[in-house]
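Spelled out, the chains give:
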Amino acid sequence: MGNLEWKPVKEGKVREVYDAGDCMIITATDRISAFDHILKNEITQKGVVLTKMSKFWFDFTKDIVPNHMLSIEAFDMPEYFRNGRFAGRSMKCRKLNMLPIECIVRGYITGSGWESYQKDGTVCGIRLPEGLKESDRLPEPIYTPTTKAEIGLHDEHITFEESVEILEKVHPGKGAEYAGKIKDYTIALYKKCAEYAWSRGIIIADTKFEFGLDENGIVVLGDEMLTPDSSRFWPLKGYEPGKSQPSFDKQFVRDWLKANPDSDYTLPDAVVEKTIAKYQEAYDLLTATR
């Protein structure tokens, strides 16, 4: 396959997906998105950190559910991807038929969930105990799936029952089975990873997973996993409910954009540098051997 033939078959806000015949190559760019917009800046080396972090979590959780990762090593890639442009930021993956649900799990009340709770005591239609404070840990993690929207559109919160209906339309006779499996996997993955992260000084407040089906109809974990782009990471040190928390993730970027509404989605250099430093710090805390 010549260089000119290598075009992404799918291009998301952050990742580019290439069809390599019997597998896929997923490349994490240095782009960053917030509020459903791709920002004009790139966060240098962000894609490399995201790829390493996903690999770490895929290896850590393969006892719970199979995942799509085959390799992130350059020598395992097609020749086109063995160069500086793709180095360290590409993952060779199994081909999956992705399910049209984003599997969100919340272990703490924050962000849009906190805003909703203040209005009517619920998060995505799930009633929670009275008296919770911002950033409080929930009695049990809650599963709040959404639809998968195209770039520029908003994902929509759905109930578990609605996720069954959506999956039934694309996989007749299997909707309830697949919806149940991805919910159970989502909760199990979150619990294991959140417990581990806590031991390393990081609180995983919430995250999202995506799943697909392999050629045998087996549910497989795909996309990225527990990166600062798909999760809220807080430092355990200094954690105190009743206020918003400092973070290792792109909440820092969101907060800056909210405070600077005329920025036209352009970040100053200082914010770019602080953002990649936060991503790298989270990776180091989670993966460093002691």
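Definitions and cut-offs
- Residues numbered from 1 in each chain as written.
- Predicted model: local features only at pLDDT ≥ 70, side-chain atom pairs only at ≥ 80, totals over all residues.
- Heavy atoms only, no water.
- Disulfide = S-S within 2.5 Å.
- Buried < 20%, exposed > 50% of the residue type's maximum accessible area, 1.4 Å probe, protein only.
- Salt bridge = Lys/Arg side-chain N within 4 Å of Asp/Glu carboxyl O.
- Helix = DSSP H or I, 4+ residues; strand = E, 2+ residues; numbered from the N terminus.
- Contact = heavy atoms within 4.5 Å.
- Core = buried A, V, L, I, M, F, W, Y, C linked by side-chain atoms within 4.5 Å.
- Pairing = 2+ DSSP bridges.
- Axes fitted to C-alpha atoms, helices over the stretch in contact; angles between N-to-C directions.
- Parallel < 35°, antiparallel > 145°, perpendicular 65-115°, else oblique.
- Nonpolar A, V, L, I, M, F, W, Y, C, P; charged D, E, K, R; others polar.

S.K.: For this particular structure, what's the right way to read the state of the cysteines?
M.R.: Working definition of a disulfide: a covalent bond connecting the sulfur atoms of two cysteines. One pass over the structure, following the stated rule, counts zero disulfides. The thiol sulfur of Cys 103 is not disulfide-bonded, and the nearest other cysteine sulfur, from Cys 124, lies at 13 Å. Taking the relative accessible area as the measure of exposure, Cys 124 reaches 23% and is therefore partly exposed.

S.K.: Explain the pattern of salt bridges to me, please; I cannot follow it from the model alone.
M.R.: Note that side chains of opposite charge can pair when their charged atoms are close. Applying the stated criterion to the full structure yields 20 salt bridges. In this structure, the salt-bridge partner of Asp 214 is Arg 94, at a minimum N-O distance of 3.1 Å. Taken together, the residues Asp 214 in the loop between strand E14 (202–213) and strand E15 (219–222) and Arg 94 in the loop between strand E7 (90–93) and strand E8 (97–98) connect sequence positions 120 residues apart. Look at Arg 94 and you get partly exposed, because its relative accessible area is 26%. A salt bridge links Lys 181 to Glu 177, with the nearest nitrogen and oxygen atoms 3.4 Å apart. Highlighted residues: Lys 181 and Glu 177, both in helix H4 (residues 175–199), separated by four residues, approximately one helical turn. It is possible to trace a salt-bridge network through shared partners that takes in Arg 15, Glu 102, Lys 148, Lys 208, Glu 210, Asp 223 and Glu 224.

S.K.: Would you explain the environment of Lys 133 in this entry?
M.R.: Along the polypeptide, Lys 133 turns up in the loop between strand E11 (126–127) and strand E12 (137–143). Residue class for Lys 133 comes out partly exposed when judged on its relative accessible area of 44%. Along the chain, Lys 133 and Lys 250 lie 117 residues apart, while their C-alpha atoms are 22 Å from each other.

S.K.: Hey, could you run me through the side chain of Thr 61 in this one?
M.R.: Along the polypeptide, Thr 61 turns up in helix H1 (residues 46–61). In contact with Thr 61, not counting residues within four places along its chain, are Leu 189, Cys 193, Leu 221 and Met 225.

S.K.: Can you help me understand the nonpolar core in this one?
M.R.: Core analysis: the largest hydrophobic core is formed by 62 residues, its most contacted members being Trp 57, Ile 182, Phe 209, Phe 211, Met 225 and Phe 233. Filtering out sequence-adjacent residues up to four positions away, Ile 182 remains in contact with Leu 99, Ile 101, Cys 103, Tyr 143, Leu 167, Phe 211 and Val 219. Listed in part, the nine residues of the second largest apolar core include Ala 20, Ile 25, Tyr 80 and Phe 81.

S.K.: Sorry, what's going on with the environment of Ala 74 here?
M.R.: With respect to the helices and strands, the residue Ala 74 is situated in the loop between strand E6 (69–71) and E7. Looking at Ala 74, the relative accessible area reads 39%, which means it is partly exposed. When the C-alpha atoms of Ala 74 and Phe 86 are compared, they prove to be 8.5 Å apart, with 12 residues separating the residues in sequence.

S.K.: Where do I start with the sheet that holds strand E1 (residues 10–11) in this structure?
M.R.: Note on sheets: strands pair through backbone hydrogen bonds, and any given pair is parallel or antiparallel. With antiparallel pairing, the five strands of this open sheet are ordered in space as E1-E2-E3-E7-E6. Looking along the sheet, the strands with just one partner apiece sit at the ends: E1 and E6. Note that E6 and E7 share two bridges and pair antiparallel. Across the sheet, the residue bridging to Ser 71 is Lys 92, located in E7. In this fold H1 packs onto strand E3 (24–28), E6 and E7, with an angle of close to 40 degrees to the strand it touches most, E7.

S.K.: Explain the packing of helix H5 (residues 251–259) against helix H6 (residues 269–287) to me, please; I cannot follow it from the model alone.
M.R.: In helix packing, the relevant descriptors are the interaxial angle and the interaxial distance, both defined with respect to the helix axes. Look at H5 against H6: their axes get within 9 Å of each other, and the N-to-C directions meet at 155 degrees. Compared by their axis directions, H5 and H6 come out roughly antiparallel. Here Phe 252, Val 253 and Trp 256 of H5 come into contact with H6, specifically with Val 271, Lys 274, Thr 275 and Lys 278. Residue classes in the contact of H5 with H6 are distributed as four nonpolar, one polar and two charged.

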